[in-house]
2 protein chains.
Amino acid sequence: MNNRYCVIMGGGVGSRFWPYSRKNLPKQFIDFLGTGRTLLQMSFDRAKSIVPTSNIIVVTNEAYRDIVLEQLPELDEAQILLEPVRRNTAPCIAWAAFHIHALNPDASIMVSPSDHLIFNEDVFRKEIINGFEFVENHDALLTLGIKPNRPETGYGYIQIGGKSDVDGISQVKTFTEKPDIEIARIFVESGEFFWNSGIFLWSAQSILKTLHEYAPDVYCKFEAGIDKFGTSEEKNYIKEKFAECPNISIDFAVMEKAPNVYVSCVNFGWNDLGAWGVLYEYSPKSKEGNVTQNCNAMLYNCHNNMIAVKNKDKLIVASGLKNFIIADSGDVLLICPQNEEQRIKQFVNDVKSSFGDKYQ
Amino acid sequence: MNNRYCVIMGGGVGSRFWPYSRKNLPKQFIDFLGTGRTLLQMSFDRAKSIVPTSNIIVVTNEAYRDIVLEQLPELDEAQILLEPVRRNTAPCIAWAAFHIHALNPDASIMVSPSDHLIFNEDVFRKEIINGFEFVENHDALLTLGIKPNRPETGYGYIQIGGKSDVDGISQVKTFTEKPDIEIARIFVESGEFFWNSGIFLWSAQSILKTLHEYAPDVYCKFEAGIDKFGTSEEKNYIKEKFAECPNISIDFAVMEKAPNVYVSCVNFGWNDLGAWGVLYEYSPKSKEGNVTQNCNAMLYNCHNNMIAVKNKDKLIVASGLKNFIIADSGDVLLICPQNEEQRIKQFVNDVKSSFGDKYQ
């Protein structure tokens, strides 16, 4: 059991939830569902139910060091890996693998995002334990594929190939990024395609070997300092060298290339909480279909709106709005139709052009 | 010159501009046009150009004492009459008349609201001086009637009767409260009807005599303490007795009844700034017709909106809004179609029912 580790990736900026999610407090650090626990804390709680607390590693940007320590007081500071710059998931995962391998060469690792929703935690736990067993007995990179219940165009899809020797786990045939709606429908009907959850399992040895072979430009940045991981010199080494890593995702760097990639087909109620519409979908609604998160609202002739306000004491009085997102972060108010939520990133960029970092 | 006084009435709550105008800081105390001067300060500046500063009296609710002193540091505290309760304009004007008459029995008085817009101040000054001359030579109650430029249904109208011996000043034939649009059109076309500006001129003696005759229930409340006005006992007397006055407007109490009521027909660019639509109308607009007051805004596919934010630093990002009012006071956000602005009073009442005084 003590060979099992969980790596929680918590360095993203969550710009699709702007202005609620901000550069200095991205969505993983927000109590998005009003449960009293932030998304990061919920990820930590799930990990804790599977591995010892001392085997949980959080990788985040160094700007979030204090927030992580505050939100996860059970973590020792040594369990937080602080990236000096953002370099996407492959360098993040490579570092965590080198780090853990130095601590325990027999380690097996689950890697998960910090900002997803998982509804059935018992099934999740069972599937992760199955996954650990699989990667401890196979030289395999295992990804969790979620059984799709709708032709979602915002997700990546994994097509299953030949079965493995374990029930529910198959080889991966193809990865497909966000398909259009027609293709998505065909995918779902075929029964062969699963959503790419971004949750991975592997042994430290397998992921390092695969990085070496398929992403040598990432691998060699860490390999050059291999004697430093797990020592007091690791931090300085990363500070100097991490920025030299290419900006590349783990999917693109190895998952889409390596031959030993498997998918565990699971169904534990999962959502990537990728944008406002998802939060709307999963939140309790008034009989007019309005979601009011964290605020007092008096709504007249308003239907199917997502209203989220950071200041609990603020009162929203609205009339005549249908299918809008209204998000007030205190210094920014966003009002936009729900079907334009994909434009929020553009808004954020426009704001950056006009106002610099002020509202980022 | 030193017999001339200006009374500025500044005790209203401005609920049609809620949530921007609030019980604890109504619209007269707000820099509504972003000029650096509040509406009260602009009223004071106009008065100062006509009478000595020491002859300006502000009547307001006692809750606003500190705000008035802060906004008008040139005023001596004795020039502020503090109403212990709200009792509409007749008791307010009667008190000011008793007060000024005690200071100077030969006084002539202009009474004006504190929250109107006046665009041509030179013409205003000239007309007020004409008015002072008229009421100093006639036992008359003079009201200023604004030449209408549209069939406005939100104003009261004054019909002119026989001419006086002074050009541009006529007897009043009738007062008509807010007419419907058909009637308003007929009024405007006739050339006989003028908007009731709520700006009045009279001698202290004339208004006291008329109050005595036509509003004895108001008059007698003050007359009973006539020796106290202008002395250190005035304040306590008002504290005890003012609440006993009936709640009644000066129009209803005397203007619509007395025979010696005249109207000076003027045209100095006037607006009662009665609601958001008026502010929209008079504010500079973007080429898409949006007014953004006091805030940074990034607007996409937005047309003809009135956007007002109290916090200068706040950023508004909006998409797909047409003909809306968006008003953010910090603790309240109002979003409502401009054609529903008459419902704002209802919203305020509903909010009061649900939340008490919290957001009033």
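Rules of the game
- Residues numbered from 1 in each chain as written.
- Chains lettered and ligands numbered in written order.
- Predicted model: local features only at pLDDT ≥ 70, side-chain atom pairs only at ≥ 80, totals over all residues.
- Heavy atoms only, no water.
- Contact = heavy atoms within 4.5 Å.
- Buried area = accessible area lost by both parts, 1.4 Å probe.
- Salt bridge = Lys/Arg side-chain N within 4 Å of Asp/Glu carboxyl O.
- Helix = DSSP H or I, 4+ residues; strand = E, 2+ residues; numbered from the N terminus.
- Buried < 20%, exposed > 50% of the residue type's maximum accessible area, 1.4 Å probe, protein only.
- Least-squares fit on C-alpha atoms with pLDDT ≥ 70 in both.
- Pairing = 2+ DSSP bridges.
- Axes fitted to C-alpha atoms, helices over the stretch in contact; angles between N-to-C directions.
- Phe/Tyr/Trp six-rings, centres within 6.5 Å; stacked < 30°, edge-to-face > 60°.
- pLDDT = per-residue confidence, 0-100.

Asks: Which residues make up the interface of chain B and chain A, and what are the values?
Replies: The partner chain A presents 34 residues to the 34 residues of chain B that form the contact. Regarding the contact of chain B and chain A, the summed buried area is about 2800 Å², with carbon and sulfur atoms giving 60% of it. Linking chain B to chain A there are four salt bridges. Across the pair aspartate 328 of chain B and lysine 314 of chain A runs a salt bridge, and its minimum N-O distance is 2.8 Å.

Asks: Describe unusual backbone geometry, and please don't skip the residues or the numbers.
Replies: For the peptide bond that leads from tryptophan 18 of chain A to proline 19 of chain A, omega is 5°, which places it in the cis range. Secondary-structure assignment places proline 19 of chain A in the loop between strand E1 (4-9) and helix H1 (39-48). Residues other than glycine seldom take positive phi values, yet asparagine 301 of chain A does so here, at roughly 50°. Judged by relative accessible area, which is 45%, asparagine 301 of chain A ranks as partly exposed. Even without a glycine there, the phi angle at leucine 273 of chain B is positive, about 45°.

Asks: I'd like a rundown of the relation of the copies chain B and chain A, residues and numbers included.
Replies: Expressed as a screw transformation, the operator carrying chain B onto chain A has a rotation angle of 179° and an axial translation of 0.2 Å, and the superposed copies differ by an RMSD of 0.2 Å. Look at the turn and shift together and you get a two-fold axis relating the two. Measuring from the rotation axis to each C-alpha of chain B, the shortest distance belongs to glycine 330 of chain B, at 3.9 Å. Most of the interface of chain B is mirrored in chain A: 100% of its interface residues are interface residues there too.

Asks: So what's going on with the sheet that holds strand E15 (residues 315-319) of chain B? Which residues, and what values?
Replies: Hydrogen bonds along the backbone pair up the strands of a sheet, which may run parallel or antiparallel. Spatial ordering of the open sheet is given by E12(A)-E14(A)-E16(A)-E17(A)-E15(B)-E13(B), a layout of six strands whose pairing is mixed. The strands lining the two open edges of the sheet, one partner per strand, are strand E12 (291-293) of chain A together with strand E13 (296-300) of chain B. If you compare each strand with its neighbour and ignore which way they point, the axes differ by 5° on average. Bridge count for E12 of chain A against strand E14 (residues 306-309) of chain A is three bridges, and the pairing is parallel. Paired with threonine 292 of chain A across the bridge in E14 of chain A is isoleucine 307 of chain A. Packed onto the sheet, helix H11 (residues 344-355) of chain A meets strand E16 (324-328) and strand E17 (332-337) of chain A together with E13 and E15 of chain B and runs at close to 140° relative to E13 of chain B.

Asks: Break down the packing of aromatic side chains for me, with residues and values.
Replies: For any pair of aromatic rings, geometry is given as the distance between the ring centres together with the angle between the planes. Applying the stated criterion across every chain, the model contains 42 aromatic pairs over all chains. Here the aromatic rings of phenylalanine 98 of chain A and tyrosine 219 of chain A are separated by 5.2 Å at their centres, their planes lie at 50°, and the arrangement is tilted. In this pair, phenylalanine 98 of chain A is assigned in helix H3 (residues 89-103) and tyrosine 219 of chain A in helix H7 (residues 216-223), connecting sequence segments 121 residues apart. The same class applies to phenylalanine 98 of chain A and to tyrosine 219 of chain A, which are both buried. Ring geometry for phenylalanine 98 of chain B against phenylalanine 229 of chain B: centres 5.4 Å apart, planes inclined by 35°, an arrangement best described as tilted. Here phenylalanine 98 of chain B, found in helix H3 (residues 89-103), pairs with phenylalanine 229 of chain B, found in the loop between helix H7 (216-223) and helix H8 (234-241); they are 131 residues apart in sequence, far enough to count as distant.

Asks: Explain the confidence of the model for chain A residue by residue, including any values.
Replies: Per-residue pLDDT for chain A averages 94, and the proportion of residues at 70 or more is 100%. Here the prediction assigns the complex a pTM of 0.80, and the interface score ipTM is 0.80.

Asks: Please set out the pairing of strand E15 (residues 315-319) of chain A residue by residue, giving values where relevant.
Replies: The element E15 of chain A is extensively covered by neighbouring structure, given that five of its five residues are classed as buried. Of the two faces of E15 of chain A, the one carrying Leu315, Val317 and Ser319 of chain A and the one carrying Ile316 and Ala318 of chain A are both buried. Bridge count for strand E13 (residues 296-300) of chain A against E15 of chain A is five bridges, and the pairing is parallel. Opposite leucine 299 of chain A, over in E15 of chain A, you have alanine 318 of chain A as the bridge partner. Direction of pairing for E15 of chain A relative to strand E17 (residues 332-337) of chain B: parallel, over a ladder of four bridges. Along E17 of chain B, the bridge assignment pairs leucine 315 of chain A with valine 332 of chain B.

Asks: Give a detailed account of the environment of tyrosine 219 of chain B, specifying residues and quantitative values.
Replies: Residues and elements named next belong to chain B. With a relative accessible area of 12%, tyrosine 219 lands in the buried category. Separated by 47 residues in sequence, tyrosine 219 and valine 172 place their C-alpha atoms 23 Å apart. With near-sequence residues (within four places) excluded, tyrosine 219 lies in contact with Phe98, Leu208, Leu211 and His212.

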